[in-house]
Amino acid sequence: MKTGVTMAGRRPLCIVIRIPSTTLSRDELEAALRGRLSRYEPSGDGTSAYAQIDIADEPDAWAAALDCLQSAGDALRRLNADGRIKSPVLDIAVPFPSSLAATSLKVPAAWQRSPVRPA
């Protein structure tokens, strides 16, 4: 557990989809995800980048995360199958009055094994 960390607006739950080690440019990744990208940072060695999709601040954060995964799922599966991104990860943070608990979960294996639908 991290301490001394604050979250914007102290939302009860903050969820993001982290996309590690993408070889796509920001423009290419945004086009593939239909503009859903919230963050993009090139790696120090310049061979890949880290990207992130913030889940909308909705009353039901879990439903919003599921909706985002379902709508971006085909593109994420295709990019992962092509080796253009590594497996997406769901990062979840829960704030407490003076600290923050956070964990990461790999996107479920069943989602990763789902067949890639043609574009």
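See the structure shown above.
All figures in this text were calculated on a predicted structure; none of them were measured in a lab.

Engineer: Quick one: what's the story with the side chain of Thr22, residue by residue and with numbers?
Structural biologist: Note that Thr22 resides in strand β2 (residues 14–22). Only 3.1 Å separates the side chain of Thr22 from the backbone nitrogen of Leu24, close enough to count as a polar contact. Here Thr22 is in contact with Leu29, Tyr40, Ser48, Ala49, Arg84 and Ile85, once residues within four sequence places are set aside.

Engineer: Any details on the pattern of salt bridges? Residues and values, ideally.
Structural biologist: Applying the stated rule across the entire model yields four salt bridges. With a closest N to O distance of 3.3 Å, Arg26 and Glu30 form a salt bridge. Within this pair, Arg26 and its partner Glu30 are both found in helix α1 (residues 26–32), separated by four residues, close to a single helical turn. Taking the relative accessible area as the measure of exposure, Glu30 reaches 23% and is therefore partly exposed.

Engineer: Tell me about the nonpolar core, and please be specific about residues and values.
Structural biologist: Ranked by size, the top nonpolar core spans 25 residues in total, and within it Ile15, Ile17, Ile19, Leu29, Leu33 and Ile55 carry the most contacts. Secondary structure elements with two or more residues in this core: β2, β4 (49–54), α2 (61–81) and β5 (89–96). Element by element, the count of residues in this core is highest for α2, at nine residues. Here Ile17 is in contact with Ala51, Gln52, Ile53, Ile55, Cys68, Leu69, Pro88, Val89 and Leu90, once residues within four sequence places are set aside.

So, how was this worked out
- Residues numbered from 1 in each chain as written.
- Predicted model: local features only at pLDDT ≥ 70, side-chain atom pairs only at ≥ 80, totals over all residues.
- Heavy atoms only, no water.
- Helix = DSSP H or I, 4+ residues; strand = E, 2+ residues; numbered from the N terminus.
- Polar contact = N/O pair within 3.5 Å; in protein donor to acceptor, adjacent residues only side chain to side chain.
- Contact = heavy atoms within 4.5 Å.
- Salt bridge = Lys/Arg side-chain N within 4 Å of Asp/Glu carboxyl O.
- Buried < 20%, exposed > 50% of the residue type's maximum accessible area, 1.4 Å probe, protein only.
- Core = buried A, V, L, I, M, F, W, Y, C linked by side-chain atoms within 4.5 Å.

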